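Spelled out, the chains give:
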Amino acid sequence: MSVDTPDAAVVRHTPTGLLLAVTSALSFGTSGTMARGLMDAGWSPGAAFAVRVSLAALVLAIPGLLAVRGRYGLLLTHARTIVLYGLSAVVCAQLFYFMAVQRLDVGIALLIEYTAPVAVVLWMWLAHGQRPGRFTLIGAVVAAVGLALLLDVFGGAELDLIGVMLALVAMAGAAAYFVMSADDSSGLPPLTLAAGGLVVASVTFWIVAATGLLPLTMTKEQVTFATGSVPWWVPVLVLGFVAAALAYGTGIAAARHLGGRLASFVALTEVAAGLGFAWVLLDQVPKPLQLVGALLILGGIVVVKLGEREVVSVGGDQDLLVEPLPAQEPPHRG
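Residues numbered from 1 in each chain as written. Predicted model: local features only at pLDDT ≥ 70, side-chain atom pairs only at ≥ 80, totals over all residues. Heavy atoms only, no water.

**Student:** Where do I start with the overall build of the protein in this structure?
**Tutor:** When you go through the protein residue by residue, the secondary structure sums to 13 helices and 5 strands. Residues counted as buried form 51% of the 334 residues belonging to the protein. Considering only contacts in the protein between residues 6 or more positions apart, those separated by 24 or more positions represent 86%. Here the protein has roughly 15,600 Å² of accessible surface; of this, 70% comes from carbon and sulfur atoms. (Helix = DSSP H or I, 4+ residues; strand = E, 2+ residues; numbered from the N terminus. Buried < 20%, exposed > 50% of the residue type's maximum accessible area, 1.4 Å probe, protein only. Contact = heavy atoms within 4.5 Å. Areas by Shrake-Rupley, 256 points an atom, 1.4 Å probe, with all protein chains shown as cover.)

**Student:** Looking at this structure, how should I read the packing of helix 1 (residues 14–40) against helix 2 (residues 45–67)?
**Tutor:** The packing of two helices is summarised by the inter-axis angle and the distance between the axes. The N-to-C vectors of helix 1 and helix 2 enclose an angle of 135°; their axes lie 9 Å apart at closest approach. The orientation of helix 1 with respect to helix 2, classified from their angle, is oblique. Taken as a pair, helix 1 and helix 2 cross one another with a handedness that is right-handed. Counting all contacts with helix 1, which are made through Phe28, Ser31, Ala35, Leu38 and Met39, the residues of helix 2 involved are Pro45, Ala48 and Arg52. Its residues assigned to classes, the contact of helix 1 with helix 2 comprises 6 nonpolar, 1 polar and 1 charged. (Axes fitted to C-alpha atoms, helices over the stretch in contact; angles between N-to-C directions. Parallel < 35°, antiparallel > 145°, perpendicular 65-115°, else oblique. Left-handed = near helix turned anticlockwise from the far one by under 90°. Nonpolar A, V, L, I, M, F, W, Y, C, P; charged D, E, K, R; others polar.)

**Student:** When you look at the environment of Leu262 in this model, what are you seeing that I'm missing?
**Tutor:** Position of Leu262 among the secondary structure elements: in helix 11 (residues 260–266). C-alpha of Leu262 to C-alpha of Pro117: the two residues are 145 residues apart in sequence and 8.5 Å apart in space.

**Student:** What's the story with helix 6 (residues 116–128) in this structure? I'm lost.
**Tutor:** Spacing of three or four residues puts side chains on the same side of an α-helix, whose turn is 3.6 residues. Over its 13 residues, helix 6 runs 17 Å from end to end, which matches the ideal 18 Å to within 8%, given 1.5 Å per residue. Regarding helix 6, the residues found buried are Ala116, Pro117, Val120, Val121 and Met124. Along the long axis of helix 6, the arc covered by the buried residues comes to 150°, so they all point the same way. (Expected span 1.5 Å × (residues − 1). Arc of directions from axis to C-beta.)

**Student:** Can you walk me through the nonpolar core in this structure?
**Tutor:** The nonpolar side chains of a soluble globular protein tend to be buried with one another. Counting 38 residues, the largest nonpolar core has Tyr85, Val90, Tyr177, Leu198 and Tyr248 as the members making the most contacts within it. Every element with two or more residues in this core is listed here: helix 2, helix 4 (79–101), helix 6, helix 8 (161–182), helix 9 (190–210) and helix 10 (233–258). Core analysis: the next-biggest nonpolar cluster, separate from the first, contains 30 residues, Leu110, Ala143, Leu166 and Ile301 among them. (Core = buried A, V, L, I, M, F, W, Y, C linked by side-chain atoms within 4.5 Å.)

**Student:** Even after reading the chapter, I still don't get the side chain of Ser88, so can you show me in this structure?
**Tutor:** Within the secondary structure layout, Ser88 lies in helix 4. For Ser88, a relative accessible area of 17% puts it in the buried group. Residues in contact with Ser88, not counting those within four places in the same chain, are Ala93, Gly173, Ala176 and Met180.

**Student:** Any chance you could explain a nonpolar patch on the surface here in plain terms?
**Tutor:** Residues Val118, Leu122, Trp125 and Leu126 make up a contiguous nonpolar surface patch of roughly 400 Å² in combined accessible area. Inspection of the secondary structure assignment puts Leu126 in helix 6. (Patch = residues over 30% accessible without salt bridge, like charges linked within 9 Å, V, L, I, M, F, W, Y side chains within 5 Å. Salt bridge = Lys/Arg side-chain N within 4 Å of Asp/Glu carboxyl O.)

**Student:** Quick question: what am I supposed to make of unusual backbone geometry here?
**Tutor:** What you tend to see is this: most non-glycine residues have negative phi, and most peptide bonds are trans. With phi around 55°, Arg69 is a residue other than glycine that occupies positive phi space. Mapped onto the secondary structure, Arg69 falls in the loop between helix 2 and helix 3 (73–77). Look at Arg69 and you get partly exposed, because its relative accessible area is 39%.

**Student:** Please clarify how the packing of helix 2 against helix 10 should be interpreted in this entry.
**Tutor:** Contact geometry for helix 2 and helix 10: axes closest at 8 Å, N-to-C directions at 65°. Here helix 2 and helix 10 pass one another in a crossing that is right-handed. Listed contacts from helix 10 to Ala48, Val51, Arg52, Leu55, Ala56, Val59 and Leu60 of helix 2 are Val236, Leu237, Leu239, Gly240, Phe241, Ala243, Ala244 and Ala245. Split by residue class, the contact of helix 2 with helix 10 holds 13 nonpolar, 1 polar and 1 charged.

Honestly, that's just the spatial picture; any functional story needs more than this.
Structure, rendered in structure tokens:
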């Protein structure tokens, strides 16, 4: 279909994409603090993550169906995409991260997982011939240094090889999240893809839990934060509505405005958000170097944005845009 037809959008809206991406990052950033509060109250980590994904699937199921506007055939036609998204972008990114933190320090596991933007850049280079330009490479290095400072991982901790492998699987899942979220060639609306992926992930979580690999322990004890105590269902609702439903829905929409590469770098602000929530609610005060790292991450994002128009193809020719403009969902008629 030509981009001149009324059924396709000619340009993507970067300010809207940035707003959606920041919203997604802030929403994802609440998950660690909420889950930690539940775990301190007696919940197992597996139970917290399983409830998070299952509740989000319930929240987005109906909106996801409504978003296809009667074109239910899309669900069958692209069932493979939905399943792959659920297994890679949700299960791998969350379940394997959970398994990794059982063997590694949380900071080490999170740092390994958040090398996903580098994986996205490599994927766009190898699969689509979009060799990163100077600004993209500089931005990646600056953001990586900032992330290392932010996570304070220079304490000489010993690494568990199995834990590292699990974290690398989580990294692959996070990279798949950015790449698949940015690909709108299937015609699946963002809400539909998010809802379908969360349903697949929810079912997978509970199947794995049924095997006994993930202990599921839940309590009704009050959850205590630095600001006071709340009923157990408050962090559960935040995990489901905010940290999953809102986070995934806005994240996919952001990737379709910005492209997978830039969206993945903006999403690094999730780490800063996570530290901020932990600061306020868990009284975990970041060190000065961590604050410097947060600023470096933001600086790296800006540099990546500047490099968005500096793409070099494998053949050496310069193109104007870093990624093809994504076609949006055709408007519903009638």
